[in-house]
Amino acid sequence: MRQAREKESRYCEVAVIGAGPSGCMASAAAAENGLRALLFDANDRIGRKIYATGGGRCNLTNLRMDKECYHTGGSEDLSAFFARFSVQDHIRFWESEGIWLHDRQGYVYPRTDQAATIAEGFEKILRRAQVEFLPGQRVSDLRLYSEEGKRRFLIQTESGGQYFARKVILAGGGAAGPQYGSVGDLYRIARALSHSVRKPLPALVPLLSDDRDLKAAAGVRCDAKVTLLREGAEPVSERGELQMTDKGISGIPVFQLSAAAARSLDEGKTVTAVIDFLPDFEEEKWSAEIARRTGEDKDCMLSVFFLGLVNRKVLDLILRKRGLQAEKKASKVPVEVLAGIMEDMRGFKVKVTGTGDFRQAQVTSGGIPLSEVDGDLQSVKCRGLYLAGEILDVDGICGGYNLQWAMTSGWIAGSSAAKERSGTK
Ligand SMILES: Cc1cc2nc3c(=O)[nH]c(=O)nc-3n(C[C@H](O)[C@H](O)[C@H](O)COP(=O)(O)OP(=O)(O)OC[C@H]3O[C@@H](n4cnc5c(N)ncnc54)[C@H](O)[C@@H]3O)c2cc1C
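Residues numbered from 1 in each chain as written. Predicted model: local features only at pLDDT ≥ 70, side-chain atom pairs only at ≥ 80, totals over all residues. Heavy atoms only, no water.

Looking only at helices and strands, the protein features twelve helices and 21 strands. Here the C-alpha coordinates of the protein stretch approximately 95 × 45 × 35 Å along the principal axes. The buried share of the protein, reckoned over its 425 residues, is 56%. Within the protein, contacts between residues at least 6 apart in sequence are counted, and of these 73% link residues at least 24 apart. Distance between charge centres in the protein, computed from 59 positive and 56 negative side chains, equals 4 Å. (Helix = DSSP H or I, 4+ residues; strand = E, 2+ residues; numbered from the N terminus. Buried < 20%, exposed > 50% of the residue type's maximum accessible area, 1.4 Å probe, protein only. Contact = heavy atoms within 4.5 Å. Lys, Arg positive; Asp, Glu negative; His and termini not counted. Charge placed at Lys NZ, Arg CZ, Asp CG, Glu CD.)

Here it is as structure tokens:
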């Protein structure tokens, strides 16, 4: 009898594994549609990663939405998902709770500019919806069993707990940011339930190079256009604030290109980043600038000759590549070389030899293919199982797109699970 009662308390209609944004949204949607939800997380509090987002300010979503903002393993169109829970639905969701948002050039943040507002907002919503949160419970196994002819899930935690559920929503994130709890362990669980996993790779991450000369420019931050050249693929470019590091390049334009770079590197292909340190100059203006400089008095050091074009450390780096020093007299350098140095400022090549690791990555490229879920995000391999968030093979560019995907997919998974109250057959 005691055992039966215990089992009852450990029984739920839907178990949500992972209390990140996708799991919180899924739990809220399921509970508000009347399902008793149990929410598991390896961390002691919900939304651990949310606190770290947007540099502590949480870039929740973005008013500019188009298909170029997301990558998937196939050519899947995400618009049907965003039609069910759009950016505007997301904004309404928070504002109807009195959590006001604001945008800076389309990038949407909580009005408080504090990521904690969103994590605490979820705590409040989940408490009201009577979602039962199980802190510090890492799920280690998930199995199907049969009860009175109906398929049910048995959930086991690392600490030895056993729970029973009619439906399960896997929302444990990918492999990025393991310091926040998402260590990629749910891929194994998904595989055991017949899913495949496209190789997870770090994305929104710095690019590394074995070029030791880059140290000369470490610490520089500047506006630049970065073009990624990958063997067998079209070049892709991004412009924004570039950061030079002693190990490679970083900053928003690099982050935006990092998923593509990671995939090509993983396939053994050559990857080069070409940096334009003067992206504002149109061709005509630039040719005139070269002609003017090379026609000028050269009785000065190279640092003076090239003054006003690029950061001094960048100039040092470019000169170093040509075996020159900034103190050398410009008159001692052939005019073609002076012009060549100026060309290097528009097309400085960095050989990309790797990416930062998952601890440095903001998101995972790869995961469970969208072809293995239906429009409700229910698994086509294992009915009653739903998937939401970063565990799926969807990664967005920087700018609030990953949280929007987490919220959209969480809402769809949670409300869809609630649609079929009768449970899995
Ligand atoms: C530093 C940083 C900054 C970011 N900034 C932004 C931003 O400003 N805007 C934006 O859109 N995106 C941002 N992202 C990305 C965004 O945070 C993620 O894409 C998003 O949180 C994914 O949500 P999720 O719910 O799928 O997974 P997660 O947020 O990773 O949550 C998964 C949860 O599941 C738990 N879990 C995992 N495995 C288990 C298990 N076996 N048992 C129990 N619990 C488990 C984890 O502890 C974790 O709490 C940032 C990411 C990082 C790392």
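So much for the structure itself; the text now carries on.
It is worth spelling out the packing of aromatic side chains at this point. In the structure shown here, the tally under the stated rule is 13 aromatic pairs. Seen in terms of ring centroids, phenylalanine 93 and tryptophan 94 are 4.9 Å apart; in terms of plane orientation they differ by 85°. Their pairing is edge-to-face. On the accessibility criterion, phenylalanine 93 (16% relative accessible area) is buried. Among the aromatic side chains, those forming a connected cluster through ring pairs are Tyr70, Phe81, Phe82, Tyr401 and Trp405. Across the ring face of tyrosine 163, the terminal group of arginine 10 is positioned such that the distance to the ring centre comes to 4.9 Å. The lysine or arginine in question, arginine 57, covers the ring of tyrosine 109, its NZ or CZ lying 4.9 Å from the ring centre. (Phe/Tyr/Trp six-rings, centres within 6.5 Å; stacked < 30°, edge-to-face > 60°. Lys NZ or Arg CZ within 6 Å of the ring centre and 35° of its normal.)

This part covers the side chain of lysine 298. Considering the arrangement of structural elements, one finds lysine 298 in the loop between helix H8 (283-295) and helix H9 (302-305). Within polar-contact distance, the side chain of lysine 298 engages the backbone oxygen of threonine 294 at 2.7 Å. What lysine 298 contacts, discounting residues up to four positions off in sequence, is Phe305, Ala330, Ser331, Val335 and Leu338. (Polar contact = N/O pair within 3.5 Å; in protein donor to acceptor, adjacent residues only side chain to side chain.)

Across its twelve residues, helix H11 (residues 335-346) extends 17 Å between first and last C-alpha, which sits within 8% of the 16 Å expected from 1.5 Å per residue. Where H11 is concerned, the buried positions are Leu338, Ala339, Gly340, Ile341, Met342, Met345 and Arg346. Here the buried face of H11 lies against strand S16 (271-276), H8, H9, helix H10 (312-321) and strand S17 (348-352). (Expected span 1.5 Å × (residues − 1).)

The next thing to look at is the packing of helix H2 (residues 21-32) against helix H12 (residues 401-419). Think of two packed helices as two axes; the pair is described by the angle between the axes and how far apart they sit. Following both chains from N to C, one finds H2 and H12 inclined at 30°, their axes separated by 7 Å at the closest point. Put simply, H2 runs roughly parallel to H12. Considering the relative orientation of H2 and H12, their crossing is right-handed. Two secondary-structure elements touch here, H2 through Pro21, Ser22, Met25, Ala26, Ala29 and Ala30 and H12 through Leu403, Ala406, Met407, Gly410, Trp411, Gly414, Ser415 and Ala418. Looking at side-chain class alone, the contact of H2 with H12 contains ten nonpolar, four polar and no charged residues. (Axes fitted to C-alpha atoms, helices over the stretch in contact; angles between N-to-C directions. Parallel < 35°, antiparallel > 145°, perpendicular 65-115°, else oblique. Left-handed = near helix turned anticlockwise from the far one by under 90°. Nonpolar A, V, L, I, M, F, W, Y, C, P; charged D, E, K, R; others polar.)

It is worth spelling out the sheet that holds S16 at this point. The strand order across the open sheet built from seven strands is S17-S16-S13-S14-S15-S12-S18, with neighbouring strands paired in antiparallel fashion. The open sheet has two edge strands with one neighbour each: S17 and strand S18 (354-355). The sheet contact formed by strand S13 (residues 221-230) and strand S14 (residues 236-244) spans eight bridges and is antiparallel. Across the sheet, aspartate 223 pairs through a bridge with glutamate 241, a residue of S14. Helix-sheet contacts for H11 involve S16 and S17, and the interaxial angle to S16 is about 110°. (Pairing = 2+ DSSP bridges.)

Quick look at the nonpolar core now. Core analysis: the biggest nonpolar cluster contains 81 residues, and Trp94, Phe122, Val168, Ile169 and Leu170 have the highest contact counts within it. In terms of residue count, the dominant contributor to this core is H12 (eight residues). Each residue touching valine 168, except ones within four places of it in the same chain, is listed here: Ala15, Ile17, Leu142, Phe153, Ile155, Gly384, Leu385 and Tyr386. The next biggest cluster of nonpolar side chains, apart from the first, holds 46 residues, and it includes Leu242, Leu324, Ala339 and Ile341. (Core = buried A, V, L, I, M, F, W, Y, C linked by side-chain atoms within 4.5 Å.)

Checked against the element boundaries, tryptophan 411 lands in helix H12. Between the C-alpha atoms of tryptophan 411 and phenylalanine 81, which are 330 residues apart in sequence, the distance is 9.8 Å. When neighbours within four sequence positions are excluded, tryptophan 411 is seen to be in contact with Met25, Ala26, Ala29, Arg84 and Phe85.

Worth remembering: the numbers are spatial, not functional.
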